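Coordinate inspection notes
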Number of protein chains: 2
Amino acid sequence: MDVGHRLRGEGYRLTPQRQLVWEVLRTAEHHLTAEDIHAEVSRTVPEFNVASVYRTLTLLAELGLAHEVRLGDSRGYWEVAHPDDAFHLVCRVCGRVVHHQGDLVEQVREHLTGGHGFTVEDVDLVVHGVCGDCRQTAVAQ
Amino acid sequence: MDVGHRLRGEGYRLTPQRQLVWEVLRTAEHHLTAEDIHAEVSRTVPEFNVASVYRTLTLLAELGLAHEVRLGDSRGYWEVAHPDDAFHLVCRVCGRVVHHQGDLVEQVREHLTGGHGFTVEDVDLVVHGVCGDCRQTAVAQ
DNA sequence: GTATATGCAAAGTCTTTGCATCGTT
DNA sequence: AACGATGCAAAGACTTTGCATATAC
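The paragraphs below set out a description of the structure included in this document. These numbers were taken from a predicted model, which means no experiment stands behind them.

Calculation notes
Think of each chain on its own: its residues are numbered from 1, step by step along the sequence as written. Key to labels: chains lettered from A, ligands numbered from 1, both in the order written. The predicted nature of this model means local features are confined to residues of pLDDT at least 70 and side-chain atom pairs, given and counted, to a pLDDT of 80 or more, with totals for whole chains, interfaces and linings taken over all residues. Side-chain numbers here rest on the full set of heavy atoms in the structure, without hydrogens or water. Only heavy atoms are used to decide nearness, and a residue is near a molecule or strand if one of them lies within 4 Å of it. A 3.5 Å cut-off defines polar contacts: any pair of N or O atoms within that distance qualifies, except that in protein one atom must be a possible hydrogen donor and the other a possible acceptor, and neighbouring residues in sequence count only when both atoms are side-chain atoms. Classification convention: Asp, Glu, Lys, Arg as charged; Ala, Val, Leu, Ile, Met, Phe, Trp, Tyr, Cys, Pro as nonpolar; all other residues, Gly among them, as polar. Think of it in three bands: residues with accessible area under 20% of the maximum for their type are buried, residues over 50% are exposed, and the middle band is partly exposed, with areas taken using a 1.4 Å probe on protein chains only. Secondary structure follows DSSP: runs of H or I at least 4 residues long count as helices, runs of E at least 2 residues long count as strands, and numbering of each begins at the N terminus. Pairing between strands is defined by DSSP: at least two bridges between the two strands are required. Cavities and pockets are found on a 1 Å grid laid over the protein atoms alone: a cavity is a set of points where a 1.4 Å probe fits but cannot escape, a pocket is an open set with protein on both sides within 12 Å along at least five of seven lines, and a lining residue has an atom within 4 Å of such a point. Grid points are joined across faces, edges and corners, and a volume is the space filled by probe spheres set on the points. Throughout, a contact is declared for two residues whenever any of their heavy atoms are within 4.5 Å. The term buried area denotes the loss of accessible surface (1.4 Å probe radius) that occurs when two parts are joined, taken as the sum for both partners. The working definition used for a salt bridge is a side-chain nitrogen of Lys or Arg within 4 Å of a carboxyl oxygen of Asp or Glu.

**Thoughts on the protein's contact with DNA strand C**
- Taken together, 20 residues lie around DNA strand C, and Arg8(A), Arg13(A), Tyr54(A), Thr15(B) and Gln17(B) are the ones closest in.
- Considering DNA strand C, the proportion of its atoms within 4 Å of the protein that are sugar or phosphate atoms stands at 66%.
- A distance of 3.4 Å is found between a phosphate oxygen of DNA strand C and a backbone nitrogen or oxygen belonging to Asn49(B).
- Split into classes, the residues belonging to the surface near DNA strand C amount to 6 nonpolar, 6 polar and 8 charged.

Written out as structure tokens, the structure reads:
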């Protein structure tokens, strides 16, 4: 994914800050908050400002490159936008967020399309619980 | 549902404010924000404070009587807790939030229980789109 | 009477915005 | 050179908290 190309193609500029935000997001293992991204990019560009994180994320979202998820608390979490239908499993114990692939989201879509008169645009499915690792640890004790 | 009994049973007190918050929530047709509830109760108790709304809602949630939903924006929306598995359809056009009954949430639960090692505690499913009424209006124009 | 709940105001968290300056194109 | 992007600081939206007073039990 060449962000520079995408940005310029839409009349936007490629700045070091935007490039860095994208790099951090793209290589992230978890979902990141704006503050996470700010902290990471600041290591390279010390004067980097949180406002720019929000502005960049909003822009990336408009281009369909990034996606914000609400996982239950008041913060927004960010990830690279996935074309596929996935949802999030949030572990109450370790806090990890796992992407879960499956046809469940598609099922929801189909279910609602079938005569319920609701045109689905976006399905947000977040499941809270305890992940396998934490469950095992709890049992072992 | 006798809130007074429930509250006192757990060592809490039944105040006019709590009673009113509960009444507003119980008889509401839509999901309400803390501000909505504050405005409504203020009609009866003018000096009623928003802080008390939050404190009361938190308490009602702990007792399992109320439930907070995040519908995508930064606000929390409140409803009477339902024992059944339901999810929310949010219309992008008219803003209405519809409760949708069905076995989809149950399916998610079963799907994850079946060998994925994740113990499900809470399934939050919010679907954004266009409701039947708004769709028809759009087509008719 | 006593401990809990309230009102009020202040602070806290997360995000957005206005504006002068800087830098990509 | 022009105009969009940034940094900074201030404000905004929503929610929580500290503390003195009031009130349900």
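**Overview of the pairing of strand E3 (residues 86-91) of chain B**
All names here are of chain B.
- Burial of E3 is extensive: 6 of the 6 residues sit out of reach of the surface.
- The alternating pattern of E3 places Ala86, His88 and Val90 on one face and Phe87, Leu89 and Cys91 on the opposite face, and all of these are buried.
- Relative to strand E5 (residues 119-130), E3 is paired through 4 bridges, and the arrangement is parallel. Each bridged residue has a counterpart across the sheet, and for His88 the counterpart in E5 is Val126.

**Some points on the layout of surface pockets**
- Approximately 830 Å³ is the volume found for the largest pocket.
- Val69(B), Arg70(B), Asp124(B), Leu125(B) and Val126(B) are the residues nearest the centre of the largest pocket, which is lined by 34 residues in total.
- Taken together, the elements giving at least two residues each to the lining of the largest pocket come down to strand E1 (66-70) and strand E5 (119-130) of chain A together with strand E1 (66-70), E3, helix H5 (104-113) and E5 of chain B.
- Residue contributions to the lining of the largest pocket peak at 7 residues, all from E5(B).
- Residue classes in the lining of the largest pocket are distributed as 12 nonpolar, 9 polar and 13 charged.
- Taken as a whole, the second largest pocket encloses approximately 300 Å³ of empty space.

**So, the protein's contact with DNA strand D**
- What surrounds DNA strand D is a group of 21 residues, the closest being Arg13(A), Thr15(A), Gln17(A), Arg8(B) and Tyr54(B).
- Separating a sugar or linking oxygen of DNA strand D from a side-chain N or O atom of Gln17(A) is a distance of 2.8 Å.
- Measuring from a phosphate oxygen of DNA strand D, one finds a side-chain N or O atom of Arg8(B) at 2.7 Å.

**Brief notes about the interface of chain A and chain B**
- Residue-level contacts link 31 residues of chain A with 31 residues of chain B.
- Counting each side, the surface lost to burial between chain A and chain B is near 2,700 Å², with a carbon and sulfur contribution of 61%.
- The three residues of chain A that bury the most area against chain B are Leu104(A), Phe118(A) and Glu121(A), which together make up 20% of that side's buried surface.
- Joining chain A to chain B, the criterion identifies 2 salt bridges.
- In this structure, Arg92(B) engages Glu121(A) in a salt bridge whose closest nitrogen and oxygen atoms are separated by 2.7 Å.
- Along the contact surface separating chain A from chain B lie 16 residue pairs in polar contact (both at pLDDT 80 or more).
- With 12 residues, E5(A) is the largest single contributor of residues to the side of chain A that touches chain B.
- Class assignment for the residues of the side of chain A that touches chain B results in 15 nonpolar, 10 polar and 6 charged.

**Description of the pattern of salt bridges**
- Enumeration over the complete set of coordinates arrives at 16 salt bridges over all chains.
- Here Arg75(A) and Asp73(A) are joined by a salt bridge, their closest N and O atoms 3.7 Å apart.
- Judged by its relative accessible area of 28%, Asp73(A) is partly exposed.
- Between Arg6(B) and Glu10(B) there is a salt bridge, with the nearest N and O atoms lying 4.0 Å from each other.
- Arg6(B) sits in the partly exposed class, given a relative accessible area of 28%.

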